[in-house]
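Notes for the structure review
In case you want the letters, here they are:
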Amino acid sequence: MKVGIAGCGQLSRMLALAGWPMGMQFSFLADPNEPVRCVEGLGEIVRQDGTMTARDIYGALGNPDVITIERESVCVPLLIQLKSFCQVYPDPDIVWTIQNRHREKTLVSSLGIPLSPWAVFREQESVNKAIASIGGLPVVIKSTEDGYDGHNQWVIDSDEQLQAFEKERDAQLADATYKGIHEWIVEKKIAFEREISVIGARSPDGNIVIYTPGQNTHSNGILIHSVIPAPGLPDSLHAKARDYVSRLLQDTEYVGVLAVECFVTGDELLVNELAPRVHNSGHWTMDGAATSQFENHMRAIAGLPLGDSAHCGDVMGMYNLLGQKQSDDSQAPDHLMTQRTFLHWYNKTSRPGRKLGHLNILAEREEELLGAFAQIKRQFG
Ligand SMILES: Nc1ncnc2c1ncn2[C@@H]1O[C@H](COP(=O)(O)OP(=O)(O)O)[C@@H](O)[C@H]1O
Ligand SMILES: [Mg+2]
């Protein structure tokens, strides 16, 4: 089976590393300026130059049997054209929906799944009216497109912060050359107790597997670590999380891995956002589940039986290794490995805040895991 993947980052790398033992062959589609170090040595790398047709791209990728994606910011019209040559999973339609927070929230709401109250406003429309319609401050404003790791987001707690946002927006829109954001979502800021995520996979024949929900800790919008299972999460919320992901998978006839990020407030579970791909909060499955999210994504898109998603061991942790400084050096920090700590290093150049790798940690108790996190923080940052 030949698989083409749009994108050349760490998610493509881990997808390919999961597919190789199953006899799959890979090729990767890179954007004009995209770094490709993560996937070097794992298959042909095809760089788009803006002149290639879908047929050219399909041929350059080696006529794959199926094409998939590692990120949501892909060119959907190209994916639609590629569908005339081979299977494309997940379907470009659902990628298009999730690419835009307005469309994404409309889908989630239409299934009766709860979200933070939200409203949408465009460039000429009043921010105040949108905020008033969801009950006033505090709110979080997000661009409907091109947001990731906390980019293009504004947390607004006060009138002063709102004025600063409006000033920034007016200045951008007054610039005739501005090609950035023209539509925003405003959401009620949720005083959540914690954030969890739930990851599921669906195969073309409709089978579904769901992973144990984990608890995620972010800093400046970037995931720092996950603890699995989410400590002390009541059974009722486990059931809700499973229900949300399975309804989304079924309703959209999704094929592949889908991640759902949620806020926990009391006995309610609100969906924050979806990702139509393997997800950072699921990296623990490489060492802590019978089948990793990467293998299950490959199985799903290849039409193979999905693997068991049960988590092994008592407590599992994932700690992201973020770059500290600018450097072309990508030395794996193998001194962080222990008998029960597993290193996954992506072979990237280092930049402050860039995800360079992660550690998966097996523990017997939550305190032991938190101790391991503290030690990694001291040793790596
Ligand atoms: N409505 C909200 N209320 C409170 N915190 C929020 C809200 N929306 C986002 N956040 C915080 O910001 C983080 C990033 O927001 P998210 O919508 O997940 O965007 P990204 O695409 O950058 O991951 C979330 O994980 C959460 O910690
Ligand atoms: Mg997020």
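By the naming in an unreviewed UniProt entry, the protein chain goes by N5-carboxyaminoimidazole ribonucleotide synthase and is assigned to Endozoicomonas montiporae CL-33. Listed under Catalytic activity (unreviewed entry) in UniProt, the entry text for the protein chain is "5-amino-1-(5-phospho-beta-D-ribosyl)imidazole + hydrogencarbonate + ATP = 5-carboxyamino-1-(5-phospho-D-ribosyl)imidazole + ADP + phosphate + 2 H(+)". The UniProt entry for the protein chain carries this comment under Sequence similarities (unreviewed entry): "Belongs to the PurK/PurT family."

This next bit is on the pattern of salt bridges. Inspection of the entire model under this criterion finds 16 salt bridges. A salt bridge links Arg 299 to Glu 295; the nearest nitrogen and oxygen atoms lie 2.9 Å apart. With Arg 299 and Glu 295 both in helix α10 (residues 293-301) and 4 residues apart, this pair spans about one turn of that helix. A residue is classified by how much of its surface remains accessible, and Glu 295, at 21% relative accessible area, is partly exposed.

Relative orientation of the contacting elements helix α1 (residues 10-19) and α10 amounts to 70°, with a least axis distance of 8 Å. On the basis of their axis angle, the class for α1 and α10 is roughly perpendicular. Facing Leu 11, Met 14, Leu 15, Ala 18 and Gly 19 of α1, the residues of α10 in contact are Phe 294, Glu 295, His 297 and Met 298. Across the contact of α1 with α10, the residue classes tally to 6 nonpolar, 2 polar and 1 charged.

Around the magnesium ion (ligand 2), the protein contributes the donor atoms Glu 261 (OE), Glu 261 (OE) and Glu 273 (OE), which lie 2.0 to 2.8 Å from the metal centre. With a gap of 12 residues between them, Glu 261 in strand β14 (residues 256-265) and Glu 273 in strand β15 (residues 268-275) connect regions that are remote in the sequence. Glu 261 gets classed as buried once you look at its relative accessible area, which sits at 13%.

A few words now on the UniProt feature "binding site: ATP" (unreviewed entry) in the protein chain. The UniProt feature table records "binding site: ATP" (unreviewed entry) at Arg 101, Lys 142, Glu 187, Lys 188, Lys 189, Ile 190, Glu 195, His 218, Asn 272 and Glu 273. Residue position: Arg 101 is located in helix α5 (residues 101-110). When sequence neighbours within four positions are dropped, the list of residues in contact with Arg 101 reads Lys 142, Ser 143, Thr 144, Gly 147, Gln 153, Ile 185 and Glu 273. When you line up the elements, Asn 272 lands in strand β15.

For the rest of this paragraph, the subject is the site of ligand 1. Residues in close proximity to ligand 1 total 19 residues, the closest being Lys 142, Gly 150, Glu 187, Glu 195 and Glu 273. One nitrogen or oxygen atom from the side chain of Glu 187 is found 2.8 Å from a nitrogen atom belonging to ligand 1. The separation between an oxygen atom of ligand 1 and a polar side-chain atom of Glu 261 is 3.1 Å. About the coverage of ligand 1: the protein hides 89% of its 540 Å² of free accessible area. Listing elements by their share of the shell around ligand 1, those giving two or more residues are β7 (139-143), β9 (183-188), β14 and β15. Of the residues assigned to the shell around ligand 1, the class counts are 5 nonpolar, 5 polar and 9 charged. Residues lining the shell around ligand 1 come from more than one domain, with at least three contributed by each of domain 2 (117-188) and domain 3 (194-379).

Moving on: the nonpolar core. Formed by 41 residues in total, the largest nonpolar core has its most connected members in Val 3, Phe 26, Phe 28, Trp 284, Phe 294, Met 298 and Ile 301. The element best represented in this core is α1, accounting for 5 residues. Residue assignment places this core across two domains, with domain 1 (2-88) and domain 3 (194-379) each supplying three or more. Residues in contact with Phe 28, not counting those within four places in the same chain, are Ile 5, Gly 7, Cys 8, Ser 12, Ala 16, Val 39, Leu 42, Gly 43, Glu 44, Ile 45, Val 46 and Leu 61. Judged by nonpolar contacts, the second largest core, of 26 residues, contains Ile 113, Ala 230, Leu 248 and Tyr 254.

The next thing to look at is the UniProt feature "domain: ATP-grasp" (unreviewed entry) in the protein chain. Taking the numbering used here, the UniProt-annotated feature "domain: ATP-grasp" (unreviewed entry) corresponds to residues 105-302. From the first C-alpha to the last, residues 105-302 spans 29 Å; its make-up is 30% helix and 32% strand.

The next thing to look at is unusual backbone geometry. Cis rather than trans, the peptide bond between Tyr 89 and Pro 90 has omega equal to -10°. Within the secondary structure layout, Pro 90 lies in the loop between β5 (87-88) and α4 (92-99). Of note, the bond from Ile 228 into Pro 229 is cis; its omega dihedral lies within 30 degrees of zero at -10°. Phi angles above zero are rare outside glycine, and Asn 220 is one such case at about 50°. Relative to the helices and strands, Asn 220 is located in the loop between β12 (214-219) and β13 (222-228).

Rules of the game
Residues numbered from 1 in each chain as written. Chains lettered and ligands numbered in written order. Predicted model: local features only at pLDDT ≥ 70, side-chain atom pairs only at ≥ 80, totals over all residues. Heavy atoms only, no water. UniProt positions renumbered as here; feature names shortened; annotations may be inferred. Salt bridge = Lys/Arg side-chain N within 4 Å of Asp/Glu carboxyl O. Helix = DSSP H or I, 4+ residues; strand = E, 2+ residues; numbered from the N terminus. Buried < 20%, exposed > 50% of the residue type's maximum accessible area, 1.4 Å probe, protein only. Axes fitted to C-alpha atoms, helices over the stretch in contact; angles between N-to-C directions. Parallel < 35°, antiparallel > 145°, perpendicular 65-115°, else oblique. Contact = heavy atoms within 4.5 Å. Nonpolar A, V, L, I, M, F, W, Y, C, P; charged D, E, K, R; others polar. Donors = N, O, S within 2.8 Å, 3.2 Å for Na, K, Ca; no water. Near = heavy atom within 4 Å. Polar contact = N/O pair within 3.5 Å; in protein donor to acceptor, adjacent residues only side chain to side chain. Areas by Shrake-Rupley, 256 points an atom, 1.4 Å probe, with all protein chains shown as cover. Domains from an automatic or database assignment. Core = buried A, V, L, I, M, F, W, Y, C linked by side-chain atoms within 4.5 Å.

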